[in-house]
Amino acid sequence: DSRYTADLRPFLKAYTPELVFEYLDEVRGEHAEIAHLLGSCNRLLEENPDNAALRALRAYSYVLTPAYGSQYAQEELDKCLDLFEAQLGWSSDHRYGFLMKLSKYVEAADVLRRGRDAAKATAQEKATFAYHLGGVLEMLGKTDEALVAAAEAAKCERLLPAALARKAWILYHAHREA
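Here is a short report on the structure shown in this document. (Residues numbered from 1 in each chain as written. Predicted model: local features only at pLDDT ≥ 70, side-chain atom pairs only at ≥ 80, totals over all residues. Heavy atoms only, no water.)

### Quick look at helix H8 (residues 123-139)
For H8, with 17 residues, the first-to-last C-alpha span of 25 Å sits near the 24 Å given by 1.5 Å per residue. Turning to H8, its buried residues number three or more, namely Ala127, Phe129, Ala130, Leu133, Gly134, Gly135, Val136, Leu137 and Glu138. (Helix = DSSP H or I, 4+ residues; strand = E, 2+ residues; numbered from the N terminus. Expected span 1.5 Å × (residues − 1). Buried < 20%, exposed > 50% of the residue type's maximum accessible area, 1.4 Å probe, protein only.)

### Quick look at a negative patch on the surface
On the surface, Asp7, Glu22, Asp25 and Glu26 cluster together into a patch of negative charge. If you tally residues by element for the negative patch, the top one is helix H2 (residues 17-27), at three residues. Topologically, Glu26 is positioned in helix H2. (Patch = residues over 30% accessible without salt bridge, like charges linked within 9 Å, V, L, I, M, F, W, Y side chains within 5 Å. Areas by Shrake-Rupley, 256 points an atom, 1.4 Å probe, with all protein chains shown as cover. Salt bridge = Lys/Arg side-chain N within 4 Å of Asp/Glu carboxyl O. Lys, Arg positive; Asp, Glu negative; His and termini not counted. Charge placed at Lys NZ, Arg CZ, Asp CG, Glu CD.)

### Section: unusual backbone geometry
At His175, a position not held by glycine, the phi torsion is positive, near 60 degrees. Summarising the element assignment, His175 is placed in the segment after helix H10 (160-173). His175 gets classed as exposed once you look at its relative accessible area, which sits at 74%.

In C-alpha cells, the structure reads:
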C-alpha cells in the first residue's frame, strides 16, 4: 500500500475540502511524496469513486507528475468540483475559492464569468462575480479586462466602495496610475 492509504482511509465517509489542503501541505511538491499520494488516491478511489477530496488530491498529483498531461488533471478537477457541489451544496463562490487556493486562476476566471453571465443571477450577484473576476484577471496579467470587471462591479451601489478598492488594487498590482 502507498504511504498515505491508511491515513486517508478514515476520511472516506466524512471529509472536507480542508483535508485536501492538509495533504497538499504535507507532500510539499516532493516527487516521491506525490507518487505515494497518487497511488493512495488511485487505490482508494477504486472503492470510493465519489469522494471529492480524493479526486482533488489526484488532480493535484496529476499536475505534478510529468507522465500525466494537464487534460487528466483538468478532468479530475472537474469531477472533484462537481462532487463538492452535489454533496456539499457548493455554489460558484465555493468553486471559485477552491480553485484560487489551488492557484488555478484560468479555471477560477471561467467559473466567475459563468456566474456573472448566468441569466438567473441577480444584479448584485453579477456585480459580486465581476468584483472577484477583476482580481483573478489581474492575477493572470489581464489588467485591462480586470479594470472592465471592476467597473461592472461598481455599477452595483452596494458594492461601490469594494469595487473602487478593487480598481485601486488592480492599478497598484499592475504598477499603473489611474
